[in-house]
Amino acid sequence: MRSRTVRMVAIAATLAALAACASAGGAPAESADQSGTAGQQSVPPANWPVRTREHVDLWLHGFAMIQDDTSQVPFFRRGYKAEMQDLKRRSNVTTQLDANVGTLRNRLALNSSLVNAQFLPFYFGSLDDMLRALDIFERADGNPRAAGDRETAELIALLAGYFPLPADRDWARLLAQSLRDENSRFYRTYWDQQQRERSVVLTEVERIWQNTYKPRFQRFLNNTRQRGGEILLSLPLDGEGRTLSEGTQQNSTAVTFPMRTSDAAEAIYVIAHELVGSEVRTAVEDNVTPTDRRAGLLDRYVAAGAVRGGLILLQKVAPELVDGYARYYLKSANRSAGSNPVASMASAFALPDQIRDAIARQIDVVLGGI
């Protein structure tokens, strides 16, 4: 896979050239998102800062409103969809997302791989850049050969990986159109308000991450080729974060945005869960049988293994967080913590012994630097 840096350079060059052409032709310039334009903040710096990005939250918000969320650890915060619907109802706001939700849900049900498109906004520095790229993709009918240059062809090929079929491209167009309207009528106002209300939480998460926990995770980060990247606090997310890793310095990890400063450690819990993902998948894939795969157990074990793996990592680098981590993920799974949260977690997120032991060994190997 091409590195994220190369991809982002191509995306930035293509979108900048398109914007320049539009400006020269007299078209009105689009306003930049607060996160910046592609090529300026698209490639995260190497020190794992904690920040927010409105277009990432908007895109995930769209999925939260159209996706059935039945996983043990939900994709999105429990009650998020109902909360957003109630806010819009009380504000007397209806958008194209509301009007198109049935069509969007139907296609998602037919092609569940479209959920992978949740990672798309991580490639872009702003909402304008992402929507402009989707416009290029639509005009090319998803065909890289229709591009006039190599950079545009790479951009189209990237999007075609997420939306390979004509019906998928129609779905992407409808989702983008719906979210553009959702943002202008409702979401941007909501997002700005939440940023103001949670600014002290962002500051506290950054403080404990940079001063306390990132140094403790640093050996694990270095030895798993995750030396640099960014942490994004995301309003729709709960315990199941989103991570895009495409190079030693090019990683983006979106995690839950706690509501209060006293809950700031929740973001660290989800960071731990996300950081072990690759090691967990390796351990699981090495210890499942063809029968397990046919029964659909691989993904189930990977999901449970990520929760258990995050706890194993914390036991080794930040043991004071273990109890809170267990309680957090049990609550996320709607399970009782009881008097022994760690034991309750082992029951709620059950794994075969050989997989549990393989995950622990894999984490030990990484921390040992072998």
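Up top you'll find the structure we're talking about.
Residues numbered from 1 in each chain as written. Predicted model: local features only at pLDDT ≥ 70, side-chain atom pairs only at ≥ 80, totals over all residues. Heavy atoms only, no water.

**Observations concerning the sheet that holds strand S2 (residues 230–234)**
Consideration 1: Taken in spatial order, the four strands of this open sheet run S1-S2-S4-S3, and their pairing is mixed. Two strands in the sheet have a free side with no partner beyond their single neighbour: strand S1 (50–51) and strand S3 (242–245).
Consideration 2: The sheet contact formed by S1 and S2 spans two bridges and is parallel. Note on S2: the bridge partner recorded for Arg51 is Leu232. (Pairing = 2+ DSSP bridges. Helix = DSSP H or I, 4+ residues; strand = E, 2+ residues; numbered from the N terminus.)

**Points about the packing of helix H5 (residues 127–139) against helix H6 (residues 150–162)**
Consideration 1: The contact between H5 and H6 brings their axes to 10 Å, and the two run at 90 degrees. Comparing the axis directions of H5 and H6 gives the class roughly perpendicular. Between H5 and H6, the residues in contact are Ala133, Leu134, Ile136 and Phe137 and Thr152, Leu155, Ile156, Leu159 and Ala160, respectively. (Axes fitted to C-alpha atoms, helices over the stretch in contact; angles between N-to-C directions. Parallel < 35°, antiparallel > 145°, perpendicular 65-115°, else oblique. Contact = heavy atoms within 4.5 Å.)

**A short note on the pattern of salt bridges**
Consideration 1: Throughout the structure, instances matching the rule amount to 27 salt bridges.
Consideration 2: For Glu54, the salt bridge identified is with Arg188, shortest N-O distance 3.6 Å. Of the two residues, Glu54 is situated in helix H2 (residues 54–66) and Arg188 in helix H7 (residues 166–197); the sequence distance between them amounts to 134 residues. Grouping residues by exposure puts Glu54 and Arg188 together as buried.
Consideration 3: A salt bridge links Arg107 to Asp168; the shortest N-O distance between them is 2.7 Å. On the criterion of sequence distance, the pair formed by Arg107 in helix H4 (residues 96–110) and Asp168 in helix H7 is long-range, its members being 61 residues apart.
Consideration 4: By relative accessible area, Arg107 is classed as buried at 18%.
Consideration 5: Given the relative accessible area of 0%, Asp168 is considered buried. (Salt bridge = Lys/Arg side-chain N within 4 Å of Asp/Glu carboxyl O. Buried < 20%, exposed > 50% of the residue type's maximum accessible area, 1.4 Å probe, protein only.)

**Regarding the nonpolar core**
If you look at soluble globular proteins, the nonpolar side chains tend to sit buried side by side.
Consideration 1: If you look at the biggest cluster of nonpolar residues, it comprises 111 residues, and the most contacted ones within it are Phe163, Phe217, Tyr329 and Phe349.
Consideration 2: Broken down by element, the residue count for this core peaks at eleven residues, all from helix H12 (residues 297–317).
Consideration 3: The residues contacting Tyr329, other than those within four sequence positions of it, are Val73, Gly239, Tyr269, Val270, His273, Val307, Met345 and Phe349. (Core = buried A, V, L, I, M, F, W, Y, C linked by side-chain atoms within 4.5 Å.)

**Here we look at the environment of Leu87**
Consideration 1: One can find Leu87 in helix H3 (residues 80–90).
Consideration 2: Each C-alpha atom, one on Leu87 and one on Tyr190, is 9.0 Å from the other, the two residues being 103 residues apart in sequence.
Consideration 3: Once residues lying within four places of it in the same chain are set aside, the contact partners of Leu87 are Phe186 and Tyr190.

**Observations regarding the packing of helix H10 (residues 277–285) against helix H15 (residues 353–368)**
Consideration 1: Two elements in contact, H10 and H15, have axes separated by 9 Å at closest approach and are oriented at 135 degrees. With respect to each other, H10 and H15 are oriented oblique. The crossing of H10 and H15 is right-handed. Counted together, Glu279, Val280, Thr282, Ala283 and Val284 of H10 and Ile355, Ala358, Ile359, Gln362 and Val366 of H15 form the full contact between these two elements.
Consideration 2: A class-by-class count of the residues in the contact of H10 with H15 yields seven nonpolar, two polar and one charged. (Left-handed = near helix turned anticlockwise from the far one by under 90°. Nonpolar A, V, L, I, M, F, W, Y, C, P; charged D, E, K, R; others polar.)

Read these as geometric descriptors, not functional statements.
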